[in-house]
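Structural characterization, general
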Amino acid sequence: MGGVPSTPRKTGGDDVSVAEYLIATFVGEKSFPLASDFWNKLLELPLSSRWPSDRVQQACELFAQSNGYTRHLAKLLIHLSWCLQELLQASDDQSSLYKKAVNATYISSVFLKYLIENGKSDSLQELHLSLDESEPVPHGFVMDQDIQNFVMHSVLSFIGSNEVSPNSYVLHQELLNFMLVTMSTQLLSGPSHGPTDANPFIDAAMTQEKSLVSLVVRRLLLNYISRHRTPPNAKSYMYSDGDSQGILERVGSAAASLVLLPLNYLVSNSGGSKNPLAECSLHVLLILINYHKSIMSDESMTDKSDDSATSESVSKVHVFSSDNTFSKALANARDVEFDRSDVEGNAHPAGPHVRIPFASLFDTLGMFLADEGAVLLLYSLLQGNSDFKEYVLVRTDLDTLLMPILETLYNASKRTSSNQIYMMLIVLLILSQDSSFNSSIHKMVLPSVPWYKEHLLHQTSLGSLMVIILIRTVQHNLSKLRDVYLQTTCLATLANMAPHAHHLSAYASQRLVSLFYMLSRKYNKLSDLTGDKLQSIKINFSGEDVGVSEDLAAELQIFTDFLRLVLDILNAILTYALPRNPEIVYAIMHRQEVFQPFKNHPRFHELVENIYTVLDFFNSRMDSQRSDREWSVQKVLQFIINNCRSWRGEGMKMFTQLHFSYEQESHPEEFFIPYVWQLAFSRCGFGFNPDAINLFPVPHPVEKEIEDERGEESEGKAKVQELNEQRIVFDP
């Protein structure tokens, strides 16, 4: 859970005994009122203190027993709120206030986390987020206010309003860790969220004013963009640097043996990240924008179906989702440099807007798209924020985003997360819905692609590279994963791109024809197997044979659709972009025999007809000149280029131009909430009792080893089950 605890710096002989007494008192059975001076003394403990994790565990267990009576967690949260409010109002030296706020945040996080992951009740009553009615309260404090709302308002206000500086860095980091702890109540529920799920802190966050929510979203995005390094004065606090025993090892009483651990007891150093604040900011934002709250309403209706009978009141229960203010704030984010309403006169909806530098966000995402969190943020922006999507589409350096995505897809076989592959493919599908994107990617020429090893790609357009990688992903999936949704996403993106193809490279054209051949072989094999199985059923009827036959028929239908889709892609290029793509004509002529079996096929002949119209046009002209010359590759290609000028498309049958769009299902949170929490575990190093997690399956160490040995073929099939519910919609 953390590094070896180190001995704290000693500033006086009484410091150790004071700390022992204060911590023992905090976890003990004596209740101290809010106004007691005990709280100031507790929060003024040295930040450099270190204590062993086993003693922390013992103290947490004692605290869980006493908190119901003392209500010390609720009181500590109130003091945390007061510290943050003072910091926002103070103008003089704030060092002592910062120390108190850091201590309050950290101590709250440690004990709150323990209570959450060891809670027994569904409603988390163990937290006791209220004060006893007999509690004497200071002047100005409202006794019956929700403590979770009070503390979340203060925490979010500080995060949103206070700039990150060397002096405030540690507190910002601790508050983000505190946010992760408070929101970890989601881990206790299953992936299908219901109205009875208890998430008091994140629910409180969702009720904050829109202006405050906008400030928080802005700060989290700026933290991610700025990528603040850990300042030198914070490292001694955040990381344990010694190997000597903690100073309370010698104390016999378990209750007296807890003070603070280093930060990495609660949240480790972001898996070794140089920018832990940026990582935590990103994942806190992802958790907030993907949160889903189910609300149940009870609607009474009178049943009058039988007039002679007594009318009865029928209760009808409706479950609906509440608004996510953080998701809306991200969707309404605007560029600090440009506002579309300034030019078009189209005012955006009233209310505060997040204003961030789109250029810096674009560049930051491009640098870190190998990270799954960055892909999720890009997806969220493209899916929900029309201004950012338009900004991306008008950029002339789309390779900044596309090259990291394409390289990751190229290396997908090297243990890349299945979820990451899906999200990247969906990003490409969303972008391909725009015709200007499909045109511009073919105008950008890449001098070389050094990471592509199978073929030397020299002076290849970005569009050609995207076609190559998508086809390679399809072929890899056919042999390994066999996931229908992945295939459909790749082919839908290629279909959107097809009418806008421009100077498709020779290699990309060859791969496209090879894809048709690969799918046709699979189709023919399945067709033969299905026919043989049907014949077997007629001869010797068997229930088992019927089941197998149905499975084969279903798979045959899938490959029929795939094959038709590839033919549609070829048709779109030949119909709308043939003069600009001589290489695709060459590839079809070179492998024209692969289309012959489908020329008169009842399911494909109308799509193959156009291909043969093109073949007949160029073959006839080549035949008329065949006796005059010897045909080399370059001569054939030049011949095609010359004859493309006279191509008028005569005899071509016009089909509806395919256009596919991505559409979320009604409950995307069933995929995204478990996914973002798994990312928080891996990237922020957030630790939690695995036995308490119900949000997603947590493999035990032995299971993990077995899973790793199985390789990528089985990886992610269960994890992406909900994602497969997202829809790719054909727009006629």
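Residues numbered from 1 in each chain as written. Predicted model: local features only at pLDDT ≥ 70, side-chain atom pairs only at ≥ 80, totals over all residues. Heavy atoms only, no water.

Going by what an unreviewed UniProt entry lists, the chain is known as Dymeclin and is assigned to Arabidopsis thaliana.

Now for the overall build of the chain. Broken down by element type, the chain carries 28 helices and eight strands. Relative to its full complement of 732 residues, the chain shows a buried share of 54%. Partitioning the contacts of the chain with sequence separation of at least 6, the portion at a separation of at least 24 is 78%. Surface exposure of the chain reaches about 32,400 Å², of which carbon and sulfur atoms provide 49%. (Helix = DSSP H or I, 4+ residues; strand = E, 2+ residues; numbered from the N terminus. Buried < 20%, exposed > 50% of the residue type's maximum accessible area, 1.4 Å probe, protein only. Contact = heavy atoms within 4.5 Å. Areas by Shrake-Rupley, 256 points an atom, 1.4 Å probe, with all protein chains shown as cover.)

In this section: the pattern of salt bridges. This structure, assessed with the given rule, holds 15 salt bridges. The salt bridge involving Arg591 is made with Glu593; its shortest N-O contact spans 3.6 Å. The class for Glu593 is partly exposed, based on a relative accessible area of 48%. Within the structure, one salt-bridge network assembled from shared partners comprises Glu279, Asp371 and Arg683. (Salt bridge = Lys/Arg side-chain N within 4 Å of Asp/Glu carboxyl O.)

Turning next to unusual backbone geometry. Of note in the backbone geometry, Arg71 takes a positive phi value of approximately 55° without being a glycine. Of note, Arg71 is situated in the loop between helix H3 (53–70) and helix H4 (72–89). Phi at His503 is positive, roughly 50°, even though this residue is not glycine. Examined against the element boundaries, His503 turns out to sit in the loop between helix H21 (484–497) and helix H22 (506–539).

What follows deals with the environment of Ser294. Looking at the element boundaries, Ser294 is found in strand E1 (residues 294–303). Sequence separation of Ser294 and Ser322 is 28 residues, and the distance between their C-alpha atoms is 6.5 Å.

With that out of the way, let us pick up the nonpolar core. Soluble globular proteins: nonpolar side chains tend toward being buried together. Counting 229 residues, the largest nonpolar core has Phe595 and Trp677 as the members making the most contacts within it. Per-domain counts for this core show at least three residues from each of domain 1 (15–238) and domain 2 (396–645). Setting aside residues up to four positions removed in sequence, Trp677 forms contacts with Leu180, Met183, Ser184, Gln186, Leu187, Ile287, Phe686, Leu695 and Phe696. (Core = buried A, V, L, I, M, F, W, Y, C linked by side-chain atoms within 4.5 Å. Domains from an automatic or database assignment.)

Okay, the side chain of Asn223 next. Inspection of the secondary structure assignment puts Asn223 in helix H9 (residues 210–226). Given a relative accessible area of 1%, Asn223 falls into the buried group.

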